[in-house]
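# Chains, contacts and geometry: an overview
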Amino acid sequence: MFKTNQIKEVSLNANMLDIPEDKYIRLLDRWKVYQLRNNSSLFRKFLLFLTLVGPGILVMIADNDAGGVITYAQTGAQYGIGFFIPFLILMIPVAYIVQEMTVRLGAVTKRGHAEMIWKRYGKFWGAFSLFDLVVANILTLITEFIGMATGLKVFGVPAWLSVIGGFVVVSSVLIFLKYYTWERIALWIAAGNLVFVPLVILAHPDWSKVISSFATWHIPHGSSFSTFIYIILANLGTTIAPWMLFFQQSSVVDKGLAKIDIPQGQLDTFIGSVIMGIVAISIVILTGSLVFGLPGASGFDINHIMFVLSKSRIGQIGTDLFALGLAEAGLIAAIAITASTSWATGEALDLERSINSRFSKALPFYLSGILSSALAATVVLIPHMPLGLLNLAVQVIATIFMPAAMLFLLMLLNDKEIMGDYVNKPWQNIAAFTIVGILIIANMLYGYTVMFHK
Amino acid sequence: MTKNTIFTKDFFEMEKENIEKPINVNKTEVKGWIKWAFWALRIYIVVMLVLIGMSFLHIK
């Protein structure tokens, strides 16, 4: 947060350089990067790395959102650890390959994903993407607020307080912080996602069983095909979501990452992917060890799973930590998704669009994210809302939107006129097109099973 | 002394990308494989919309 005298100084200096204030604040951040880069000590190099990481780790941890935590917990409870651990390890390179493209696109073009689609492929596809993203984000935010309320309910916090509190935090960090501080605070909140890792150690799982799952990888028997497809695609769907593409690219642009920073951006994305995988696997091992095999475990909802955990080896303290992790997952995802709505709206409509901007100077940018978050929070507070139907709507929109968003990403990454030497290499295209193909088929199957699932 | 005075010429040169306006992006001519990709996308969207319609009838 800037004090009044600092705002005046920023304004004065920005005027002297004849650049907007938000760009000047970005320059101040970049000045730190420049100084660290010009120092050859190992410690400074490490500091440089710490300064440049952010968008990749944030997007990946935010992807382990409340819905993701619930999906992983239910997967472990229903299928144990046999199939899904190797499957989730496979998801790490998938997430990396897709998200890495947004780093290059953002650093080279200095424009967000929404802006690139709008400018390169016209108003129709631009408006189509923006509409889908905003609707999908609002619907996803509903699930995040539900996650916060469910997690904090364990501590006796009423749902209305969790939801309003969550909304206040999400809005405040966006309005009052400048990009770098916003990113650092978000990273600290994201660190809470790691709570699931020590929980697994506390659970004392049978590690030999975990290791042998790689050697004896098989499709679990005893469950209906449609239910299995539903679960596998839900896990895949939580690995890559449309908002992630928009978020990371915009974040790279707002942070001011340049072509020279691409290697660090790639490392940031890689570390984020690995953390995402470790957390997801931890949750599956946790419920796969402590809940799987109990009578009726395949039908347990998250409240039931937490009840079972409280009676298990990890006890009430472990369950409290799990609940805290669930609430944190909802909060960090809400922070990221709200920012992605603001960025995408600002980019598509060519508004001032930086978290470095003053609230009063970039009202439409801030309000688009905050109002969508407020709408989601309000929906959660309305009694008897058909939340199942809302979940269905999230999946349907994501199903239609995801292949489109991916296709635009691939077209842009193969556009020599825009990307120059940074276009996709042949192996990147082979990997990315394979993933897109699988995602399209998976999305269609997922959409089909969600819509016709009994 | 304002902070501007500490910025070096070398720094400004390096940060050109962040100071100057980003590269111009114009609407591309849709041709070749991109034309096919757009048609595939349109068909995909129509198929999914039909599926959604059918699913609602199915629910009823």
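For clarity, every value in this text was computed on a predicted model and none was experimentally measured.

## Description of the overall build of chain A
- Tallying secondary structure elements over chain A gives 21 helices and zero strands in all.
- In chain A, buried positions account for 62% of the 454 residues.
- Pairs at least 24 apart in sequence give 83% of the contacts found in chain A among residues at least 6 apart.
- Approximately 17300 Å² of chain A is accessible, and the part contributed by carbon and sulfur atoms is 70%.

## Description of the interface of chain B and chain A
- Facing 39 residues of chain B, the contacting portion of chain A comprises 48 residues.
- In total, chain B and chain A occlude about 4100 Å² of area from one another, counting both sides; carbon and sulfur atoms represent 73% of this.
- On the chain B side of the contact with chain A, Asn18, Val25 and Tyr44 of chain B bury the most area, a combined 16% of that side's loss.
- Here arginine 30 of chain A and glutamate 15 of chain B are joined by a salt bridge, their closest N and O atoms 3.1 Å apart.
- The interface formed by chain B and chain A contains six residue pairs in polar contact (both at pLDDT 80 or more).
- Of all the elements in the fold, those that place two or more residues in the side of chain B that touches chain A are α1 (9–14), α2 (16–19) and α3 (33–59) of chain B.
- Here the side of chain B that touches chain A is built from residues that sort into 22 nonpolar, nine polar and eight charged.

## Quick word on helix α5 (residues 66–79) of chain A
All names here are of chain A.
- Across its 14 residues, α5 extends 20 Å between first and last C-alpha, which sits within 8% of the 20 Å expected from 1.5 Å per residue.
- The element α5 is largely enclosed, with a buried count of 11 among its 14 residues.
- What α5 keeps buried is the set Ala66, Gly68, Val69, Thr71, Tyr72, Ala73, Thr75, Gly76, Ala77, Gln78 and Tyr79.
- A positive backbone phi angle near 70° is found at glycine 80, which sits one or two residues after α5.

## A closer look at the confidence of the model for chain B
- With 83% of its residues at a pLDDT of 70 or more, chain B has an overall mean of 77.
- α1 of chain B holds the highest mean pLDDT among the elements of chain B, 82, whereas α2 of chain B holds the lowest, 77.

## Considerations on the nonpolar core
- Counting 156 residues, the largest nonpolar core has Trp182, Trp243 and Phe322 of chain A as its most contacted members.
- The greatest single-element share of this core, amounting to 16 residues, is contributed by helix α19 (residues 387–413) of chain A.
- Leaving out residues up to four positions away in the same chain, tryptophan 243 of chain A has contacts with Val59, Ala62, Asp63, Leu133, Asn137, Ala336, Ile337 and Ser340 of chain A.
- Counting residues in each nonpolar core, the second largest holds eight residues, with Ile19 and Leu28 of chain A together with Phe7 and Phe11 of chain B among its members.

## Considering unusual backbone geometry
Residue and element names in this part refer to chain A.
- In this model, lysine 110 sits at a positive phi of 60°, which is unusual for a non-glycine residue.
- Within the secondary structure, lysine 110 sits in the loop between α6 (84–109) and α7 (113–121).
- Backbone geometry places histidine 204, a non-glycine residue, at a positive phi of 45°.
- Within the secondary structure, histidine 204 is located in the loop between α11 (196–203) and α12 (207–215).

Reading the values: the criteria
- Residues numbered from 1 in each chain as written.
- Chains lettered and ligands numbered in written order.
- Predicted model: local features only at pLDDT ≥ 70, side-chain atom pairs only at ≥ 80, totals over all residues.
- Heavy atoms only, no water.
- Helix = DSSP H or I, 4+ residues; strand = E, 2+ residues; numbered from the N terminus.
- Buried < 20%, exposed > 50% of the residue type's maximum accessible area, 1.4 Å probe, protein only.
- Contact = heavy atoms within 4.5 Å.
- Areas by Shrake-Rupley, 256 points an atom, 1.4 Å probe, with all protein chains shown as cover.
- Buried area = accessible area lost by both parts, 1.4 Å probe.
- Salt bridge = Lys/Arg side-chain N within 4 Å of Asp/Glu carboxyl O.
- Polar contact = N/O pair within 3.5 Å; in protein donor to acceptor, adjacent residues only side chain to side chain.
- Nonpolar A, V, L, I, M, F, W, Y, C, P; charged D, E, K, R; others polar.
- Expected span 1.5 Å × (residues − 1).
- pLDDT = per-residue confidence, 0-100.
- Core = buried A, V, L, I, M, F, W, Y, C linked by side-chain atoms within 4.5 Å.

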